[in-house]
Amino acid sequence: QTSRDSRLETFVEHLMTATKAYERIDPYEKNPYGSLLDHANSFLQKHAGKDYETWVREVNVNTLQGNDFALIPRPNLKRRLLRYRAILYLSALDACEEQGINVQELVSLVREAVIPPLKKERAEPVFDKISETISP
């Protein structure tokens, strides 16, 4: 059994890797999100039976209130923030799952954690939506 700290540490490592990959994205490439999108799709297919684009469309951004979402008045900007955070979280969760980490346990750990700069509070709307989506 992996300890609580090492599972969370592994998630943070994958989250930082995903963040660095996101920062290198060239929007003019044919498949700009590459492996990030592959991971997000893989994770959501396994746990929710849908792909990333479908999941993002289904999230009502007007219900995202806490954290930075409270500061953003326009739905299209909220959706961009949702897309950004979701692809990073989902990619990191998928990478952790590929390493054999129990995702349900990991999600519980991450929900309780504060992980600056993305997850600055325990209640982070995007991660909470992901958690709701994959809860058994």
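Preceding this paragraph is the structure being described.
Residues numbered from 1 in each chain as written. Predicted model: local features only at pLDDT ≥ 70, side-chain atom pairs only at ≥ 80, totals over all residues. Heavy atoms only, no water.

Q: Can you tell me about the overall build of the protein chain, naming the residues and giving the values?
A: In terms of helices and strands, the protein chain carries 6 helices and 0 strands. Counting from the amino terminus, the protein chain carries its helices and strands in the arrangement α-α-α-α-α-α. The C-alpha atoms of the protein chain give a radius of gyration of 14 Å, which matches the 14 Å a tight globule of 136 residues would have. On the principal axes, the C-alpha backbone points of the protein chain span a range of 45 × 35 × 30 Å. For the protein chain, with 136 residues in total, the buried portion stands at 42%. Across the protein chain, every contact between residues at least 6 apart in sequence was considered, and the portion connecting residues at least 24 apart equals 65%. (Helix = DSSP H or I, 4+ residues; strand = E, 2+ residues; numbered from the N terminus. Rg over C-alpha atoms; globule rule 2.2 N^0.38 Å. Buried < 20%, exposed > 50% of the residue type's maximum accessible area, 1.4 Å probe, protein only. Contact = heavy atoms within 4.5 Å.)

Q: So what about the nonpolar core? Which residues, and what values?
A: The biggest cluster of nonpolar side chains holds 39 residues, and the ones touching the most others in it are Phe-11 and Tyr-52. Broken down by secondary-structure element, the contributors of at least two residues to this core are helix H1 (4–23), helix H2 (34–48), helix H3 (52–58), helix H4 (75–98), helix H5 (103–112) and helix H6 (125–134). The dominant element in this core, judged by the number of residues it contributes, is H4, at 10 residues. Not counting the four nearest positions on each side in its chain, Tyr-52 is found in contact with Leu-37, Ala-40, Asn-41, Leu-44, Arg-83, Ala-86, Ile-87 and Leu-90. (Core = buried A, V, L, I, M, F, W, Y, C linked by side-chain atoms within 4.5 Å.)

Q: Give a detailed account of the pattern of salt bridges, specifying residues and quantitative values.
A: Counted by the stated rule, this structure contains 11 salt bridges. Residues Glu-53 and Arg-83 are paired through a salt bridge, measuring 2.8 Å at the closest nitrogen-oxygen approach. Here Glu-53 is found in helix H3, whereas its partner Arg-83 is found in helix H4, with 30 residues between them in sequence. For Arg-83, a relative accessible area of 24% puts it in the partly exposed group. Connected via shared salt-bridge partners are Asp-68, Arg-85, Lys-120 and Glu-124. (Salt bridge = Lys/Arg side-chain N within 4 Å of Asp/Glu carboxyl O.)

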